[in-house]
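Each chain is listed here by its residues.
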Amino acid sequence: MSDADAKKSHAATVRRLEQSSGKLAAAAIARMDQQLPWYRAMPPENRSWIGLVAQAGIAAFTEWFRHPDAPQAISTDVFGTAPRELTRAVTLRQTVEMVRTTIEVVEAAVDELAPPGSEAALRNALLVYAREIAFATAQVYAQAAEARGAWDARLESLVVNAVVSGEADEGDVSRAAALGWRTPEHVVVVLGSAPNGDSELTVEAIRRAARYAKIQVLTGVLGKRLVVIAGGSDDPLQVARALIGPFAAGPVVAGPVVGDLLSATRSASAAAAGLRACAAWPDAPRPVLADDLLPERAMAGDPAARTLLVEEIYRPLQQAGSALLETLSVYLEQASSLEGAARMLFVHPNTVRYRLRRVTDVTGWPPSDVRSAFTLRVALMLGRLADGDATS
């Protein structure tokens, strides 16, 4: 075929493509309706958008075929006729099926579209175009995923910041639900230092660890801190250990377990106070519970820690009888010596031993343990100060 005949045949093919574009689009839609169950189940509006995409794809192929000497690539504008929300309603797999069906319809009509002798050229062009449209499809979904990921990251950061700042409200609960938060019964906040480098990589590492541990997380890097709101476990120490890998060196503190996301502000406040107070206990375990740092938090000026020490240790001992308070005070003053305390109290050492067991039962802190004894001593001091303020 001479160059003149080839150009004439090419022009004829373009005209036939233009004249048949509407019929081809209708045939593609009809085949989708016949072969693709997900298409039949879609709302009419979405089916209408898909029809426009198919029609735009055929029109783009016609224009692309019209200029065979132009660079062999197409734009993602083929999908510009549909709203961005369609990428949420139609999966990538479904889009591939839609493109395949449309290409098959055009390929089946090649003998009618191309003049005799030009069928092979049209088929080859269709194969190249199919490859390019596949790349364009992948690009559209990749861009949508990136945009959705960026938006989700901003939304997650808003929720995490609201919890840490103590300003979480029902709006943040709704935002968390949009991110997939399934309102677990047990929620704990874990705080520590964020590693240097890309914060997105740190956040993704936390998510991987959470998936492995089968717990839900909302997480983010706020300044130099890595914050994790974890749900699904009533053991805060176990949660912190499962997620500790991505944290930078230094203390990692788990707040107390609370019942929901709104209450997580209390867990975050306790964890933040514990993180500040960790410097006073250089040998603290890693991770450490915020409640294990109550004496350091109290000395650092945390009013919640002072209240907890008085209300959960001093007041129960006070209500259990003066003998327990007196025995504990003397025991601590006598350097934790049973015999020394017994001599000062004029009782048998077994009596002291029994009363100390009662102290453990009432408070949960065994006086024989060095760390617990320190916590009990601070609680006694704060309780006496509180009583003094009340009588003055």
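Residues numbered from 1 in each chain as written. Predicted model: local features only at pLDDT ≥ 70, side-chain atom pairs only at ≥ 80, totals over all residues. Heavy atoms only, no water.

As annotated in an unreviewed UniProt entry, the protein carries the name Transcriptional regulator, CdaR family and comes from Streptomyces zhaozhouensis. Per UniProt, the protein carries the Sequence similarities (unreviewed entry) text "Belongs to the CdaR family." (UniProt positions renumbered as here; feature names shortened; annotations may be inferred.)

Enquirer: Lay out the overall build of the protein with the relevant residues and their values.
Expert: Summing up its helical and strand segments, the protein has 17 helices and five strands in all. Counting only residues that meet the buried cut, the protein has 44% of its 392 residues in that class. In the protein, the share of contacts with a sequence separation of at least 24, taken over all contacts with a separation of at least 6, comes to 69%. Carbon together with sulfur atoms contributes 53% to the accessible area of the protein, which is approximately 20400 Å² in total. (Helix = DSSP H or I, 4+ residues; strand = E, 2+ residues; numbered from the N terminus. Buried < 20%, exposed > 50% of the residue type's maximum accessible area, 1.4 Å probe, protein only. Contact = heavy atoms within 4.5 Å. Areas by Shrake-Rupley, 256 points an atom, 1.4 Å probe, with all protein chains shown as cover.)

Enquirer: Before we move on, could you go through the confidence of the model for the protein and cite the residues and values that matter?
Expert: Close reading of the predicted structure is inappropriate where its pLDDT is low. Taken over all residues, the pLDDT of the protein has a mean of 86, while the share at 70 or more is 90%. When mean pLDDT is taken per element in the protein, strand β4 (residues 252–254) scores highest with 97 and helix α4 (residues 86–89) scores lowest with 63. (pLDDT = per-residue confidence, 0-100.)

Enquirer: Let's hear about the pattern of salt bridges: which residues, and what values?
Expert: Enumeration over the complete set of coordinates arrives at 14 salt bridges. A salt bridge links glutamate 18 to arginine 66; the nearest nitrogen and oxygen atoms lie 2.2 Å apart. Remark: arginine 66 occurs in helix α3 (residues 44–66) and glutamate 18 occurs in helix α1 (residues 3–35); sequence separation between them is 48 residues. For arginine 207, the salt bridge identified is with glutamate 156, shortest N-O distance 2.3 Å. Taken together, the residues arginine 207 in helix α9 (residues 199–213) and glutamate 156 in helix α7 (residues 119–165) connect sequence positions 51 residues apart. Look at glutamate 156 and you get buried, because its relative accessible area is 5%. Bridged by salt links that share partners, the residues Glu156, Glu204, Arg207 and Arg211 form one connected network. (Salt bridge = Lys/Arg side-chain N within 4 Å of Asp/Glu carboxyl O.)

Enquirer: Can you break down the pairing of strand β1 (residues 187–193) residue by residue, with the values?
Expert: Taken across its seven residues, β1 has six buried, putting it largely inside the fold. Here seven bridges tie β1 to strand β3 (residues 225–231), and the two strands are oriented antiparallel to one another. Bridging from a neighbouring strand, valine 187 pairs with glycine 231 of β3. The pairing of β1 with β4 spans three bridges and is classified as antiparallel. Across the sheet, residue valine 190 finds its bridge partner in β4, namely alanine 254. (Pairing = 2+ DSSP bridges.)

Enquirer: Provide a residue-level description of the side chain of glutamate 296, including the pertinent values.
Expert: Here glutamate 296 is to be found in helix α12 (residues 294–299). Setting aside residues up to four positions removed in sequence, glutamate 296 forms contacts with Ala277, Ala280, Trp281, Arg371 and Phe374.

Enquirer: Tell me about the nonpolar core, and name the residues and values.
Expert: Core analysis: the biggest nonpolar cluster contains 32 residues, and Met32, Trp38, Ile50, Phe61 and Leu122 have the highest contact counts within it. When contributions to this core are tallied by element, the ones reaching two or more residues are α1, α2 (37–40), α3, α5 (92–108), α6 (110–113) and α7. Ranked by residue count, the leading element in this core is α3, at seven residues. In this structure, Ala298, Val352, Leu356 and Ala373 belong to the second largest nonpolar core, which totals 28 residues. (Core = buried A, V, L, I, M, F, W, Y, C linked by side-chain atoms within 4.5 Å.)

Enquirer: Describe the environment of leucine 179, naming the residues involved and giving the relevant values.
Expert: Along the polypeptide, leucine 179 turns up in the loop between α8 (170–178) and β1. Owing to a relative accessible area of 25%, leucine 179 belongs among the partly exposed residues under this scheme. Between the alpha carbons of leucine 179 and leucine 218 there is a distance of 8.6 Å; along the sequence they are 39 residues apart.

Enquirer: Which residues make up the sheet that holds β1, and what values go with them?
Expert: Pairing is mixed in the open sheet, where five strands are placed in the order β2-β3-β1-β4-β5. Edge positions in the sheet fall to β2 (216–222) and β5 (288–289), since each of these pairs with one other strand and no more. Across the sheet, helix α11 (residues 264–277) touches β1, β3 and β4, and the angle it forms with β1 is around 30°. (Axes fitted to C-alpha atoms, helices over the stretch in contact; angles between N-to-C directions.)

Enquirer: Go over the pairing of β2, please, and point to the residues and values.
Expert: Regular strands have side chains that alternate between both faces of the sheet. In terms of residue burial, β2 counts as a mostly covered element, since five of its seven residues are buried. With seven bridges connecting them, β2 and β3 associate as antiparallel partners. Within the sheet, the bridge partner assigned to glycine 220 lies in β3 and is valine 227. In this antiparallel pair of consecutive strands, β2 and β3, the connection spans two residues, and glycine 223 shows a positive phi of 65°.

Enquirer: Tell me about the packing of aromatic side chains, and name the residues and values.
Expert: Taken as a whole and assessed by the stated rule, the structure comprises three aromatic pairs. Where tryptophan 38 meets tyrosine 39, the ring centres are 6.3 Å apart and the plane angle is 85°; that geometry is what we call edge-to-face. Exposure remark for tryptophan 38: the relative accessible area of 14% places this residue in the buried category. Looking at tyrosine 39, the relative accessible area reads 4%, which means it is buried. When the centroid spacing of 6.0 Å and the interplanar angle of 35° are considered together, the rings of phenylalanine 61 and phenylalanine 65 count as tilted. (Phe/Tyr/Trp six-rings, centres within 6.5 Å; stacked < 30°, edge-to-face > 60°.)

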